[in-house]
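# A closer look at the structure
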Amino acid sequence: MKIMKINYDKVADAIYFTVKEGGVFKTLTINECLNVDVDKNGQTVGIELLNVFSKQGLELEKSIRNSIPVEIVSV
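A few points on the structure. (Residues numbered from 1 in each chain as written. Predicted model: local features only at pLDDT ≥ 70, side-chain atom pairs only at ≥ 80, totals over all residues. Heavy atoms only, no water.)

### Thoughts on the nonpolar core
Among the nonpolar cores identified, the biggest contains six residues, and these are I6, Y8, I15, F17, V52 and F53. At the level of secondary structure, the elements contributing two or more residues to this core comprise β1 (5-9), β2 (14-18) and α1 (52-56). (Core = buried A, V, L, I, M, F, W, Y, C linked by side-chain atoms within 4.5 Å. Buried < 20%, exposed > 50% of the residue type's maximum accessible area, 1.4 Å probe, protein only. Helix = DSSP H or I, 4+ residues; strand = E, 2+ residues; numbered from the N terminus.)

Here it is as structure tokens:
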């Protein structure tokens, strides 16, 4: 079973979901808060959510910290 990696960067206020291992060929900007990294075949490698708690509020933070294992990293 593969486990999705989730990292929260407190300094950048961003969450990155690693969907699968592999190199990033291109980053697609969906909107000002969402980027999707794809490999050379167009398959999703990772998803980045920006301004997570400043835009989404404390409910999202509480939900993530209480129910999803998150590795908190800082730059």
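### With respect to the side chain of D37
Its location among the elements puts D37 in strand β4 (residues 34-38). Although D37 is buried, it forms no salt bridge, and the closest oppositely charged side chain is K26 at an N-O distance of 11 Å. At 2.7 Å, the side chain of D37 forms a polar contact with the side chain of Y16. Once you skip the residues sitting within four places of it in the chain, D37 turns out to touch Y16, V24, K26, T27, Q43, T44, V45 and G46. (Lys, Arg positive; Asp, Glu negative; His and termini not counted. Salt bridge = Lys/Arg side-chain N within 4 Å of Asp/Glu carboxyl O. Polar contact = N/O pair within 3.5 Å; in protein donor to acceptor, adjacent residues only side chain to side chain. Contact = heavy atoms within 4.5 Å.)

### Side note on the pairing of β4
Judged by how many residues are buried, β4 sits mostly within the fold: four of five residues are covered. Note that strand β3 (residues 26-31) and β4 share five bridges and pair antiparallel. Pairing of T27 across the sheet is with D37, part of β4. In sequence, β3 turns back onto β4 through a hairpin of two residues. Looking at chain direction, β4 and strand β5 (residues 44-49) are connected through five bridges and run antiparallel. Paired with V36 across the bridge in β5 is I47. (Pairing = 2+ DSSP bridges.)

### Focus on unusual backbone geometry
A positive phi angle, close to 55°, is found at D13, a residue other than glycine. Tracing the backbone through its elements, the reader meets D13 in the loop between β1 and β2. In the Ramachandran plot, N51 falls in the positive-phi region, its phi being about 55° despite a non-glycine side chain. A relative accessible area of 30% means that N51 is categorised as partly exposed.

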